Amino acid sequence: EIKKRVDLRSVCICSVDPPGCTDIDDALHARALPHLTDTRLHMYEVGVHIADVTHFVRPNTALDKEAASRSTTVYLVDKRIDMVPDLLSSNLCSLRGGEERLAFSCVWQIDENANVLSTKFHKSVIKVTFFFT
């Protein structure tokens with residue numbers, strides 16, 4: 001599966017989910033790009049990464065239909081009602097630090113004024129390396 005995806009494991013990707021969160025489903029990165037032309041304009045790459053649940057939940061299966069009927073995870077004061085089983089939400093599809101995970105990524109190239117120069121969407125493999133707390 002990794003050979004079919006864009007490999008972003010060497011990129012410093014961070015999660016912004018709160019401490020103690022077990023269903024870490026999104027992460028991001030930003031980095032400066034080297035100057036490719038004589039222009040003094042600085043270029044950056046910004047990426048948003050979402051856990052690839054679809055790799056584990058196949059269309060029209062009982063699990064897919066149940067998740068669709070729930071539509072989201074519900075957080076209550078004393079418990080959480082997951083959209084998908086805990087094995088997926090808190091393990092295989094959780095973008096936990098230091099572990100390789102499958103994701104969908106959107107990566108933009110922007111200039112120093114935040115003008116979007118290009119946008120790419122792709123399946124990826126990532127490894128979250130930093131957490132904000």
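As a starting point, this report considers the structure included with it. (Residues numbered from 1 in each chain as written. Predicted model: local features only at pLDDT ≥ 70, side-chain atom pairs only at ≥ 80, totals over all residues. Heavy atoms only, no water.)

**Description of the overall build of the protein**
- On a plain count of helices and strands, the protein comes out with 2 helices and 8 strands.
- Along the protein, helices and strands appear, N-terminal first, in the series β-β-β-β-α-β-β-α-β-β.
- Each principal axis of the C-alpha atoms in the protein carries an extent, and together these give about 55 × 35 × 25 Å.
- Counting over 133 residues, the protein shows a buried share of 31%.
- Put simply, of all contacts in the protein between residues at least 6 apart along the chain, 58% involve residues at least 24 apart.
- Total accessible area on the protein is roughly 8,500 Å²; 58% of this is exposed by carbon and sulfur atoms.
- Placing the 16 positive and 18 negative side-chain charges of the protein at their respective mean positions leaves the two points 6 Å apart. (Helix = DSSP H or I, 4+ residues; strand = E, 2+ residues; numbered from the N terminus. Buried < 20%, exposed > 50% of the residue type's maximum accessible area, 1.4 Å probe, protein only. Contact = heavy atoms within 4.5 Å. Areas by Shrake-Rupley, 256 points an atom, 1.4 Å probe, with all protein chains shown as cover. Lys, Arg positive; Asp, Glu negative; His and termini not counted. Charge placed at Lys NZ, Arg CZ, Asp CG, Glu CD.)

**Details of unusual backbone geometry**
- The phi angle at Asn60 is positive, at roughly 65 degrees, despite the residue not being glycine.
- Mapped onto the fold, Asn60 is located in the loop between β4 (43-51) and α1 (62-70).
- Positioned with a positive phi, Ala114 is a non-glycine residue whose angle comes to about 65 degrees.
- Inspection of the secondary structure assignment puts Ala114 in the loop between β7 (100-111) and β8 (116-131).

**Details of the pattern of salt bridges**
- What the rule picks out here adds up to 12 salt bridges.
- Here Arg9 ties to Asp7 by a salt bridge, and the two come within 2.5 Å at their closest N and O atoms.
- Here Arg80 makes a salt bridge to Asp82, at a shortest N to O gap of 2.7 Å.
- Arg80 sits in the partly exposed class, given a relative accessible area of 26%.
- Among the residues examined, Asp82 registers a relative accessible area of 14% and is labelled buried.
- The network of salt bridges with common partners includes Glu1, Lys4, Arg5 and Asp52. (Salt bridge = Lys/Arg side-chain N within 4 Å of Asp/Glu carboxyl O.)

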